[in-house]
Amino acid sequence: MSSTAPTILIVDDEIQNRKLLEALLRPEGYFTRCASSGEEALASIAEHAPDLILLDIMMPGMDGFEVAVILKANPATSNIPIIMVTALDDRSARLAGLNAGAEEFLTKPVDRAELWLRVRNLLRLKAFGDFLQNHSVILEQEVQARTADLQRFRSAMDATADAIFLVSRNTMRFVEINATACSMLGYTRQELFDSSPAEIGEVSLEALENSYDNIIAGQKIDVLVDTTIRRKDGTYLQVEVHQQAQKSGNDWIIVGVARDLTERKESAQRLHQLAHYDVLTGLPNRTLFYEALKNALIQATDSDWLLAVLFVDLDHFKNINDTLGHAIGDELLNQFGNRLVQCVRPRDTVGRLGGDEFALILLMHDESSYPTLVANKIREVLREPFEIQDQEVTISASMGITIYPDDATAHETLIKYADTAMYRAKQAGRDTYRFFTAQMNAEVLARHDLEVALHKAVENKEFVLHYQPKVLLKSGRIIGLEALLRWQRPGYGLISPHLFIPILEETGLIVRVGSWAITTACQQIGQWLHGAIGPMQISVNVAGRQFIEGDLEGDVLKALLDHDIPADLLELELTEGSLMVNTERTITILKNLKTRGVQISIDDFGTGYSSLAYLRRFPIDKLKIDIAFIREVTTNPDDAAIALAIIRMAHSLKLEVIAEGVETEAQLAFLLRYHCDQIQGYYFSPPLPLLELEQILLSETLDLVGMADSNTERQDELPITFKSAPQ
Ligand SMILES: Nc1nc2c(ncn2[C@@H]2O[C@@H]3COP(=O)(O)O[C@H]4[C@@H](O)[C@H](n5cnc6c(=O)[nH]c(N)nc65)O[C@@H]4COP(=O)(O)O[C@H]3[C@H]2O)c(=O)[nH]1
C-alpha cells in the first residue's frame, strides 16, 4: 500500500460542488484534483491516475456514465474506484451507474460522514486490489524466471554426455531423467518415469533402498560405484555412478550421474594390449615377458621346480628384410612366433623381445632334458620353409639356454646369460643352441672391460698405424704399403687388431677410428711426398659401417686436401661383406671417390659370396687374394685352382691382383709363375712401425734380388733373397 496520501479526482461541471467536495476531503488528509467535464477528467487520468474518482453523472458533453464505461474498459484504469455523485436518486440511474462500472453512489447534497466512509472503504479496497495485482505480477515474474531456469537446467542436463537420474527415496521412482539416460538405456522418458531404478539396475529394490539410505546417512559424501545397468534391449552396460542425496521437503532425492565405461574400458584394454603384447605376433612383449618370468620364478621357488630361459634369435634375418622386404620379414616373424608356440607346453611362455629376438620360459618339475628337447624341436620346425606371398623362405635360429637356479636366480641375469649363450651359438656357426656356462660369463665381463678400455683408447688417442710393404713382382720394388691398425694399450703393450677391430665394429667406434686412420695415412703420404722418400701409395682398410654411419667421402676428400696429396696415392681396401651393406649408398660414395682418383681394392677376395658380375657394379681397381688360399697354394690343388682363377678373372676384367700372406719362397714362385701382380707377406716384411719402415724405404733394403730378370716358370729356380726377417 502506498505511504503517500491518496489522490482523489473530483469531476463536476459545477464549481461549487467541486469546491464543496474538496473542502470536505482535504481536512481528512486526501490530495484532491478537479475536472469540470468528462473529457477533462479522462485527460487528467491519462496523465496521472488518481486513487479514486468522485464522478458527477449529469454533465454537459460526456456524462458520468460514459466516463465510467471508458475507464472500466481500459485495463490501466479499470481498477480505479468510482463513486458516482448525483442528484438523481432513482433506481434506474443507480443501476445504469453500476452497469457502467461505478463502485458506489452518493446523493447530492452529499452527507459528509457518508462521503468519508465510502471514500475510506473504497480506498482500502483499492489498496488491497493493488497489492493483489502487484503480488500476482511478481508471482508471475517469479514463475517465469523459475520456468526459464528449469528449462536451462533441463537443456544442460540433456546436453551432458552422462546419464542423470533423480530418484525419490519415498516412492523409489524416477522424478527426473535427462535425454542421455534415455538414449543410453534405449527407453523413452515416459517409460523410465513408469518404471523404477530397481527395475533397470542389477540389484534388488531392497538392496537399492539400503544403498540409498546409506548415502542419505552420510549425505555429504559423493558415492562412486562401478555397476551394470540393463538396457531396454536386455543388454548390459558398464557404468560408473556418482550418487548424492538432496533433502526435498519430507523426501530425499537421490541424484545419480552415470557414465558409460564401455569406451574407457575398451581403450584401457587396448592400452593394456599395446603395452603388453607385441602387435606383430600377438605374443607377450618384453615388458610382459619379464613380468611373466618374475612370476614363474616365484612359482618355481615355491614348488622347488627348475626353470629354463631360452633366448632365440633368427639367423641372418636382416638379409631377409633387406632382400625380400619388410612385409615378408614381418610375416616371417609372425609365422615363426606361431611355430614357437607349437614347440612348447601350454604352461610355458613364449614372448617376443623385439626385432628377431624371441624368448621362452620353460617350467620343469625335474625334466632337465626338456630345454634340449624344445631347442631341437625349434630347429626341426624351421626345416620346413615358410610360405610367404607365394615365396618359400628358409631360415634358421640360434639359441641360448640358462637354467634357474643353477646359472642365476634373478630374472634379468637369466635373460642376459641366455643372450650370451645365444651369441655363442651364433659364433659356433648358427642353427644351433648353447647352454650358458660360467666361462661364458667371464668372457662377457672381459669383453665388457675391453669395450670400456676401447672407448678410453679413442679418447686418449692410443692407436698407431703400422705399415706392411707391397711388392710389385715385375720390378721387385716396394710400390705401396698397407696401413694396419695397432692399439698401444697402457699396461698391455701392442694389441693385435684381431682382438679389438670386431669390437670397434660392433660398437660403432670404428667410424671414428677409421676416419682417424685415413687422416693419419694421408698425413704420412704428404710427409713422404715432400721429403726424401717421395710418392708412396698407402692402402687403408675401410669397414662397412663407415659407409653407413660416417662421412667417409667427406673424410677422404678433406684428408687429401689438407695434406695436399694426389688422390691415387690413397687406396681404400674393402671387404666383400662391406660392399653388400647398403649397396646403393656404397656405390655412390665409391664412384665419387673413384672419380677423384682414389684407388679401390677388394680385400680378402674369394671368401665372400659375391660373384665377379656383382662386383663389377663397383668401381674396383684391384683384388686381393685372401690369405686362406695362399696358405696352402702350393700343397692344396683346390686352393691353387682358386688362386689361379682369381688371377685370371681379375686380369680378364683389367683389374690388378695382389696376394696377401705370402710367407714362403714356394708361394712366391707359384704367384710369379701365374703372373700375380703384387705380393704382400712376411716373406718380404711384416707390418712395421713407422721408423723401421722409413729406414727400409730410405735404404731400399727390401729388395728381391734378381727377381725382375729371373725365370718365373720354375719355382725352384727363383733366385730370391729377402733381407728383412719376418717377425
Ligand atoms: N699369417 C700371416 N699374416 C700376415 C702375413 N702378412 C700379413 N699378415 C697379416 O694379415 C693381415 C692383413 O690385413 P687384412 O687382411 O686387411 O686384415 C686386417 C684388417 O681386416 C683389420 N684391420 C687392420 N687395420 C685396420 C684398419 O685400420 N681398419 C679396419 N677397418 N680394419 C683394420 O685387421 C686385420 C688384421 O690385421 P693384422 O693383424 O695387422 O694382420 C694383417 C697382417 O699382419 C703373412 O705372411 N702371414
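Because the structure is predicted, anything quoted here is derived from the model rather than measured.

### Remarks on the site of the ligand
In the region of the ligand, 22 residues are neighbours, and Gln468, Arg486, Asp603, Glu663 and Tyr682 sit closest. Its residues placed into classes, the shell around the ligand shows 10 nonpolar, 6 polar and 6 charged.

### Examining the environment of His563
Take His563: it is sitting in the loop between α20 (552–562) and β22 (570–575). Note: C-alpha distance between His563 and Thr519 (44 residues apart in sequence) is 8.8 Å. Beyond its immediate stretch of four places on either side in the chain, His563 contacts Thr519, Cys522, Gln523, Gly526 and His530.

### Observations concerning the packing of aromatic side chains
Evaluated as defined, the whole model comprises 10 aromatic pairs. Measuring from centroid to centroid gives 5.7 Å for Phe463 and Phe500, while their planes differ by 40 degrees, and the two rings are tilted. Here Phe463 is found in strand β18 (residues 463–472), whereas its partner Phe500 is found in helix α17 (residues 497–507), with 37 residues between them in sequence. The exposure class of Phe463 is buried, given its relative accessible area of 8%. You can call Phe500 buried: its relative accessible area is 0%. Their ring planes at 75 degrees and their centres at 5.8 Å tell us that Trp487 and Phe500 sit as a pair that is edge-to-face. Residue Trp487 is found in strand β19 (residues 477–489), and its partner Phe500 is found in helix α17; the two are separated by 13 residues along the sequence. Linked through ring pairs, Phe463, Trp487 and Phe500 together constitute an aromatic cluster. Taking NZ or CZ as reference, Arg345 lies 3.8 Å from the ring centre of Tyr370, over its face. Above the face of the Tyr492 ring, Arg489 is positioned so that its terminal group lies 3.9 Å from the ring centre.

### Digging into the packing of helix α12 (residues 317–324) against helix α13 (residues 326–342)
Packing of α12 against α13 leaves a shortest axis separation of 6 Å and a crossing angle of 140 degrees. Between α12 and α13, the crossing angle belongs to the class labelled oblique. In contact with Phe317, Ile320, Asn321 and Leu324 of α12, α13 contributes His326, Ile328, Gly329, Leu332 and Leu333. Partitioned by chemical class, the residues of the contact of α12 with α13 number 6 nonpolar, 3 polar and no charged.

### Considering the sheet that holds strand β2 (residues 31–35)
Strand order in this open sheet of 5 strands is β2-β1-β3-β4-β5, and the pairing throughout is parallel. Of all the strands in the sheet, just β2 and β5 (104–107) have a single pairing partner and so form its edges. If you compare each strand with its neighbour and ignore which way they point, the axes differ by 20 degrees on average. The pairing of strand β4 (residues 82–86) with β5 spans 4 bridges and is parallel. Within β5, the residue paired with Val85 across the bridge is Leu106. Relative to the sheet, helix α3 (residues 64–73) contacts β3 (52–56) and β4, its axis offset from that of β4 by approximately 175 degrees.

### Details of the UniProt feature "modified residue: 4-aspartylphosphate" (unreviewed entry) in the protein
On the UniProt side, "modified residue: 4-aspartylphosphate" (unreviewed entry) is annotated at positions that read Asp56 here. Looking at the secondary structure, you find Asp56 in strand β3. Beyond its immediate stretch of four places on either side in the chain, Asp56 contacts Val11, Asp12, Asp13, Gly64, Val85 and Lys108.

### Focus: the environment of Asp304
Among the structural elements, Asp304 can be located in the loop between α11 (286–303) and β11 (306–314). Classification of Asp304 by relative accessible area gives exposed; the value is 68%. For Asp304 and Asp366, which are 62 residues apart along the polypeptide, the C-alpha to C-alpha distance reads 9.4 Å.

### Description of the pattern of salt bridges
Within this structure, the stated rule accounts for 41 salt bridges. With a shortest N-O distance of 3.0 Å, Lys72 and Glu103 are connected by a salt bridge. Remark: Glu103 occurs in the loop between α4 (91–100) and β5 and Lys72 occurs in helix α3; sequence separation between them is 31 residues. Here Glu103 falls in the partly exposed class, since its relative accessible area comes to 33%. Where Asp130 meets Lys126, a salt bridge forms, and the shortest distance between an N and an O atom there is 2.6 Å. Placement of the pair is Asp130 and Lys126 together in helix α5 (residues 112–159), with a separation of 4 residues, close to one helical turn. Under the relative-accessibility criterion, Asp130 is labelled partly exposed at 22%. With a relative accessible area of 11%, Lys126 lands in the buried category. Each member of the salt-bridge network shares a partner with another, and the members are Lys470, Glu482, Glu571, Glu573, Lys622 and Lys624.

### Some remarks on the pairing of β2
By the bridge criterion, 5 bridges tie strand β1 (residues 7–11) to β2 in an arrangement that is parallel. When the bridges of β2 are listed, Val11 appears paired with Ala35. Crossover β1 to β2 through helix α1 (residues 15–25) is right-handed.

### Concerning the sheet that holds strand β17 (residues 433–435)
Across the sheet, which stays open at both edges, the 5 strands sit in the order β12-β13-β11-β16-β17 with mixed pairing between neighbours. Edge positions in the sheet fall to β12 (349–354) and β17, since each of these pairs with one other strand and no more. When strand polarity is set aside, the average angle formed by the axes of neighbouring strands in this sheet is 20 degrees.

### A closer look at the side chain of Thr180
Of note, Thr180 is situated in helix α6 (residues 179–185). Residue class for Thr180 comes out buried when judged on its relative accessible area of 12%. The residues contacting Thr180, other than those within four sequence positions of it, are Met157, Asp158, Thr160, Ala161, Asp162 and Ala163.

### Let's talk about helix α16 (residues 438–459)
Over its 22 residues, α16 runs 32 Å from end to end, which matches the ideal 32 Å to within 8%, given 1.5 Å per residue. Of all the residues in α16, the buried ones are Met440, Asn441, Leu450, Ala453, Leu454, Ala457 and Val458. Those residues of α16 that are buried lie in contact with α15 (411–427), β17, β18, β19, α17 and α18 (510–529). Positioned one or two residues after α16, Lys461 has a phi angle of 55 degrees, which is positive.

### Topic: a nonpolar patch on the surface
On the surface, Phe128, Phe131 and Leu132 cluster together into a nonpolar patch covering about 310 Å² of accessible area. If you trace the backbone, Phe131 turns up in helix α5.

### Some thoughts on unusual backbone geometry
Omega for the bond connecting Lys108 with Pro109 falls within 30 degrees of zero, at -10 degrees, which places this linkage in the cis form. Tracing the sequence through the fold places Pro109 in the loop between β5 and α5. Of the consecutive residues Tyr404 and Pro405, the connecting peptide bond is found in the cis state with omega at 5 degrees. Within the secondary structure layout, Pro405 lies in the loop between β16 (397–404) and α15. Phi at Met172 takes a positive value of approximately 55 degrees, unusual for a residue other than glycine. Its place among the elements puts Met172 in the loop between β6 (163–168) and β7 (173–177). Backbone geometry at His675 places phi at a positive 60 degrees, although glycine is not the residue there. Relative to the helices and strands, His675 resides in the loop between α26 (665–673) and β26 (678–679).

How each quantity is defined
Residues numbered from 1 in each chain as written. Predicted model: local features only at pLDDT ≥ 70, side-chain atom pairs only at ≥ 80, totals over all residues. Heavy atoms only, no water. Near = heavy atom within 4 Å. Nonpolar A, V, L, I, M, F, W, Y, C, P; charged D, E, K, R; others polar. Helix = DSSP H or I, 4+ residues; strand = E, 2+ residues; numbered from the N terminus. Contact = heavy atoms within 4.5 Å. Phe/Tyr/Trp six-rings, centres within 6.5 Å; stacked < 30°, edge-to-face > 60°. Buried < 20%, exposed > 50% of the residue type's maximum accessible area, 1.4 Å probe, protein only. Lys NZ or Arg CZ within 6 Å of the ring centre and 35° of its normal. Axes fitted to C-alpha atoms, helices over the stretch in contact; angles between N-to-C directions. Parallel < 35°, antiparallel > 145°, perpendicular 65-115°, else oblique. Pairing = 2+ DSSP bridges. UniProt positions renumbered as here; feature names shortened; annotations may be inferred. Salt bridge = Lys/Arg side-chain N within 4 Å of Asp/Glu carboxyl O. Right-handed = clockwise from strand over helix to strand, strands pointing away. Expected span 1.5 Å × (residues − 1). Patch = residues over 30% accessible without salt bridge, like charges linked within 9 Å, V, L, I, M, F, W, Y side chains within 5 Å. Areas by Shrake-Rupley, 256 points an atom, 1.4 Å probe, with all protein chains shown as cover.

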